Number of protein chains: 2
Amino acid sequence: MLARISHDELASLFIGYGYQPYFVEGSDPTTMHQEMATTLDRVFAEIRAIQQRARQKRDLTRPRWPMIVLRSPKGWTGPKEVDGKKTEDFWRSHQVPFGELAEKPQHLKLLEQWMRSYRPEELFDDSGALRAELRDVPPRGARRMSANPHANGGVLLKDLRLPDFRDYAVSVPTPGGADAESTRVMGSLVRDVMKENLSVRNFRVVGPDETASNRLGALFEVTERAWMADRIPDDDHLAPEGRVMEILSEHTCQGWLEGYLLTGRHGLFSCYEAFIHIVDSMFNQHAKWLKVTKDIPWRQPIASLNYLLTSHVWRQDHNGFSHQDPGFIDHVVNKKADVIRVYLPPDANSLLYVTDQCLRSRDLVNVIVAGKNMQPQWLDMDSAIKHCSAGIGIFEWASNDADGDPDVVMACAGDVPTLETLAAVSLLRVHLPSLKVRVVNVVDLMTLQPHEEHPHGLSNRDFDTLFTTDKPIIFAYHGYPWLIHRLSYRRANHPNLHVRGYKEEGSTTTPFDMCVRNDIDRFHLVSDVIDRVPGLGYHHAHVKQWVRDKLVEHREYITRYGQDMPEIRDWKWT
Amino acid sequence: MLARISHDELASLFIGYGYQPYFVEGSDPTTMHQEMATTLDRVFAEIRAIQQRARQKRDLTRPRWPMIVLRSPKGWTGPKEVDGKKTEDFWRSHQVPFGELAEKPQHLKLLEQWMRSYRPEELFDDSGALRAELRDVPPRGARRMSANPHANGGVLLKDLRLPDFRDYAVSVPTPGGADAESTRVMGSLVRDVMKENLSVRNFRVVGPDETASNRLGALFEVTERAWMADRIPDDDHLAPEGRVMEILSEHTCQGWLEGYLLTGRHGLFSCYEAFIHIVDSMFNQHAKWLKVTKDIPWRQPIASLNYLLTSHVWRQDHNGFSHQDPGFIDHVVNKKADVIRVYLPPDANSLLYVTDQCLRSRDLVNVIVAGKNMQPQWLDMDSAIKHCSAGIGIFEWASNDADGDPDVVMACAGDVPTLETLAAVSLLRVHLPSLKVRVVNVVDLMTLQPHEEHPHGLSNRDFDTLFTTDKPIIFAYHGYPWLIHRLSYRRANHPNLHVRGYKEEGSTTTPFDMCVRNDIDRFHLVSDVIDRVPGLGYHHAHVKQWVRDKLVEHREYITRYGQDMPEIRDWKWT
């Protein structure tokens, strides 16, 4: 495209992008080399002048950085024609311009002519070595392009100075005995990570225009949004030196952060869960890069690519169906197990632990999914550390099977599913008090995979101990339910696993109604227990009917009042 | 961004994009309305002039289409301040600017003032109806924005004129008795679809710069690549009226095609398999749109969104690991079952059938995965029609279990896995001649899902008939192997299902080595049979050793010669 619009349009385009374009155009190598050298001298001088103006005169007016447009023939200096077809300065030179050298002597001849056009006899001595006067031309040591430490960022990487995440703990006197917005709590930790590393300038937070609305606004107590363009008096935390980089382009955020990590720094990408799919393809390439470079001995480990996915599928109260998609997790777990991690902390203290762990890790892609809404807190910091270190565990305080086998395992992963599971358990206590229930919560999704498939995978023995080998499991999962089957189909108790999750039913509706539409709410979970635990069924028809009536009551209420029933909004674990 | 760069930069940017920008800027409503009206008149006149120049004088020079830049305050005419905070002309007016009307009387007052600023007493009569003179102002019928038929494309949709796909059949005298490039055969059909509908102008093919390299080049016998910018004499099939739209931006291709379908036309998007992930998020929104509009009675069905994914994971001989990702299928099947279809035709005739079916369908997203490389053909057209109509079936000619139960089911989906499965079967014939093998090929991936989950899903009875309820199944699948588990975990014989597929092992290597690296090659499949069929195992240690030695021989050969062993390259089904 750029080759076929007018010179004026091309210049306008780059001026519109904020650059000062310089053109080097032509096809005669000697002239072009001279022009390129002159132009490089010119733009280097401009770059230096801009830097001096900023550094010495503190003039931070957005500069027009120079750029060079090199317009040379495609396949320049290659064969003009191959097999009678135009090749140099044409699309064919972008393909494999010629091959089959063993069968086609004329192609071999062409290759020889091409290679001889570089005049190897002037470059190499009789023994085939590069001539001494040429050997001295290229730069040495770290100035060689191949040895530039910024291209091997791990060499430059300094550990982050991390405050103690325990200092940010929400006080949780009893499970459910406090409320908090998980990402706001995380925001205080991230603010202090920013603050502690301001002088080293090696930590940034990127994201679409949602840092504040995702409750990470505490960051603006210590830094600003990076902003080089015009400013007006009412502006809200915009400054050229800001270390939060916001732009409503997930692609740009991802590109910025990848470049930042690859050059030896640290960062966090906070994003609406549904829209992180925008960078699926970019994530693929980064994950592939990590896989391949793990086997290259001179590559030093780099900081992990950390995603916080919030404003998630279950809480799109104002946005609705278009903003609901928990499938990035499915996309991520297709990549090599040793570079990917997925965490679903159920509350603020577990989110603090996971955040700290991700910021310390190397050479990984960490996906953290956590909501921003006010919700009950389950774990005090000690419990959160124990729970998250294992990545999966029994909520003892919510289970009543300690003295024997459970009748049912209620499993959950994700903050909203955990809430609904616990609410279902509290209903079971009332309606089926003799039922033995074990509540298992999953923070580290990869624990579900076989140990041979993922380094965090539980051994079969540990998995069977938690999930039993023969009791029904009712699993409430944050995302698409079949992912849980995919991760655990080899487990002994898989035939008894019943998963609820998001099944692409959504609208602009109340938070609880989102659960109801996808059958993951407390009432459906109770109903699932009655259907699946042997010996319940028709003996408890009255409970199933009560559940059914509750769901009708719910629909009537939200249609009339536009919000959830008080018994839902005000529900507390006791 | 655009609000904070200079007027000159903004104008340059849009000139660089090829437009002629006009600016309407300010905040006084009366002045702005007048300016907007004047500007609209001006740009309408320009548009008419451009159209006339093209239609009457046949001057197809690329025009500079006019565009209007409207620069008005954000939240214009809304409250200047809410709770003492600046709101109009500020980011807050993009949020929920105020709420809690029941609890905050000052907010209710603000709302009243705002609404009264529209002077309802001048707009409505005493009974609350719009005044007659205003009722006459808006356009009527199809000129109403809400009733524009282009916004309900199904109203404008005309069926494609489709040639008989049978006419393009490859002659396949016996299974494996012919070779063809599947997408090149499809290209002849697509060429004639283009030709038959040229006069109606309602069919387009979009894609990155790969129409020819994906072997759909026959299209250029009847149309060109759409091209409005400068042309040079050597140009290859570029013309303003071209109906193939190529741009190396999958986003743009997807956007073009969505708009084209939504306005009542038909199309096909051909893409490298790995890079279709670039449009994951756009696909999501289109699939959600299809799901929601199916329930809107006045919305007429539109043509399906058809993807041809080729240059797929198994044949990236020159590109390697970065170009290998079969996960778009996983992404697609997360969406509602009644809008998505996935086809993996094993050869050219089955691809012809599937293409015809997709072009006839409505309101779906169809994903076709098919290779472009020369490969053996298995099905004559009659067989292909029978096989693809069912979507799944036994290759009788490759099976030897007709007179009793099979010892093993060899299942396959995708062209390369089908080839390797058949090659494995031919090895089994030689080395384990008494083994009863049933070969099941899957074209329509959704047949694997339970019938309750997808309209194409097989009933359990049919599934069990094909796959047995107790024999080992060795399944060679085109993509990530766990997807097959995810689709079939509820089936009776799932515990005996063993799937091979792409497991993120790749490089720039030979085609067969790609299979070997992912354990989906004929030798690994034979080895899987020995490991899993009861009663084989150590009795056939010599076959396993032969297989192991073959894999070493393969590695030695490709390291030395850079291509696959002759017995692999020249293998034929007999």
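Parameters at a glance
- Residues numbered from 1 in each chain as written.
- Chains lettered and ligands numbered in written order.
- Predicted model: local features only at pLDDT ≥ 70, side-chain atom pairs only at ≥ 80, totals over all residues.
- Heavy atoms only, no water.
- Axes fitted to C-alpha atoms, helices over the stretch in contact; angles between N-to-C directions.
- Helix = DSSP H or I, 4+ residues; strand = E, 2+ residues; numbered from the N terminus.
- Parallel < 35°, antiparallel > 145°, perpendicular 65-115°, else oblique.
- Left-handed = near helix turned anticlockwise from the far one by under 90°.
- Contact = heavy atoms within 4.5 Å.
- Buried area = accessible area lost by both parts, 1.4 Å probe.
- Salt bridge = Lys/Arg side-chain N within 4 Å of Asp/Glu carboxyl O.
- Polar contact = N/O pair within 3.5 Å; in protein donor to acceptor, adjacent residues only side chain to side chain.
- Buried < 20%, exposed > 50% of the residue type's maximum accessible area, 1.4 Å probe, protein only.
- Pairing = 2+ DSSP bridges.
- Right-handed = clockwise from strand over helix to strand, strands pointing away.
- Phe/Tyr/Trp six-rings, centres within 6.5 Å; stacked < 30°, edge-to-face > 60°.
- Lys NZ or Arg CZ within 6 Å of the ring centre and 35° of its normal.
- Least-squares fit on C-alpha atoms with pLDDT ≥ 70 in both.

Trainee: Even after reading the chapter, I still don't get the packing of helix α12 (residues 415–431) of chain A against helix α16 (residues 522–532) of chain A, so can you show me in this structure?
Mentor: When two helices pack together, their arrangement is given by the angle between the helix axes and the distance between those axes. All names here are of chain A. The N-to-C vectors of α12 and α16 enclose an angle of 60 degrees; their axes lie 8 Å apart at closest approach. The orientation of α12 with respect to α16, classified from their angle, is oblique. The handedness of the crossing between α12 and α16 comes out as right-handed. Residue-level inspection shows Leu419, Glu420, Thr421, Ala423, Ala424, Leu427 and Leu428 of α12 in contact with α16, the latter providing Arg522, Phe523, Leu525, Val526 and Val529.

Trainee: Help me understand the interface of chain B and chain A in this model?
Mentor: One widely used convention gives an interface's size as the accessible area the parts lose upon coming together. Counting from both sides, the interface comprises 55 residues of chain B and, opposite them, 55 residues of chain A. Taking both sides of the interface into account, the surface hidden between chain B and chain A amounts to around 5100 Å²; carbon and sulfur atoms contribute 53%. Summed over the shared surface of chain B and chain A, the result is 18 salt bridges. At the boundary of chain B and chain A, one finds 36 residue pairs in polar contact (both at pLDDT 80 or more). Within the residue set of the side of chain B that touches chain A, elements represented by two or more residues are α1 (7–16), α8 (280–293), α9 (328–332) and α14 (482–488) of chain B.

Trainee: How should the pairing of strand β10 (residues 266–272) of chain A be read in this particular structure?
Mentor: Two faces, one strand: in a regular strand the side chains alternate between the faces of the sheet. All names here are of chain A. In terms of burial, β10 is largely enclosed, as 7 of its 7 residues are buried. One ladder, built from 4 bridges, connects strand β6 (residues 203–207) with β10; its direction is parallel. From the neighbouring strand, phenylalanine 203 faces β10, where its bridge partner is histidine 266. Pairing geometry for β10 and strand β11 (residues 305–310), over 5 bridges, is parallel. When the bridges of β11 are listed, phenylalanine 269 appears paired with tyrosine 307. Running through helix α8 (residues 280–293), the crossover from β10 to the neighbouring parallel element β11 is right-handed.

Trainee: I'm lost on the sheet that holds strand β18 (residues 473–477) of chain A in this one. Help?
Mentor: For sheets, the rule is that strands pair by backbone hydrogen bonds, running either parallel or antiparallel. Residue and element names in this part refer to chain A. Pairing in this open sheet of 5 strands is mixed, and the strands run β15-β17-β16-β18-β19 from one edge to the other. The open sheet is flanked by β15 (392–394) and β19 (497–500), the only strands paired with a single partner. Going across the sheet, the axis of each strand differs from the next one's by a mean of 20 degrees, ignoring polarity. Pairing of β18 with β19, which is carried by 4 bridges, proceeds in the parallel orientation. Bridge assignment links isoleucine 474 to a residue of β19, and that residue is histidine 498.

Trainee: Would you take a moment to explain the packing of aromatic side chains for this structure?
Mentor: Two descriptors summarise a pair of aromatic rings, namely the distance from one centre to the other and the angle between the planes of the rings. Taken as a whole and judged by the stated rule, the model has 39 aromatic pairs over all chains. Ring centres of tyrosine 480 of chain A and tryptophan 482 of chain A lie 5.7 Å apart, and the angle between their planes is 10 degrees; this geometry places the pair in the stacked category. Judged by its relative accessible area of 16%, tryptophan 482 of chain A falls in the buried class. For the ring pair phenylalanine 14 of chain B and tyrosine 17 of chain B, a centre distance of 6.0 Å and an interplane angle of 65 degrees mean the geometry is edge-to-face. What makes phenylalanine 14 of chain B buried here is its relative accessible area of 12%. Residue tyrosine 17 of chain B is classed as partly exposed on the basis of its relative accessible area of 42%. Every member of this aromatic cluster is reached through a ring pair, and the members are Trp378, Phe395, Trp397, Trp571 and Trp573 of chain A. We note lysine 291 of chain A situated over the ring of phenylalanine 321 of chain B; from NZ or CZ to the ring centre the distance is 4.9 Å. Sitting above the plane of the tryptophan 571 of chain B ring, arginine 522 of chain B keeps its charged end 5.4 Å from the centroid.

Trainee: Mind showing me how you'd approach the relation of the copies chain B and chain A here?
Mentor: Put simply, the two copies of the chain differ by a rotation about an axis and a shift along that axis. In screw terms, the move from chain B to chain A is a rotation of 180 degrees and a rise of 0.0 Å along the axis, fitting with an RMSD of 0.1 Å. Read as a symmetry element, the transformation amounts to a two-fold axis. In this assembly the copies share their binding face: 100% of the residues contributing to the interface of chain B also contribute to that of chain A.

Trainee: I'm lost on the pairing of strand β12 (residues 340–343) of chain A in this one. Help?
Mentor: Residue and element names in this part refer to chain A. The alternating pattern of β12 places Ile340 and Val342 and Arg341 and Tyr343 on opposite faces, both of which are buried. Here 4 bridges tie β12 to strand β13 (residues 365–369), and the two strands are oriented parallel to one another. Bridge assignment links tyrosine 343 to a residue of β13, and that residue is isoleucine 368. Note on the crossover from β12 through helix α10 (residues 348–360) to β13: the handedness is right-handed.

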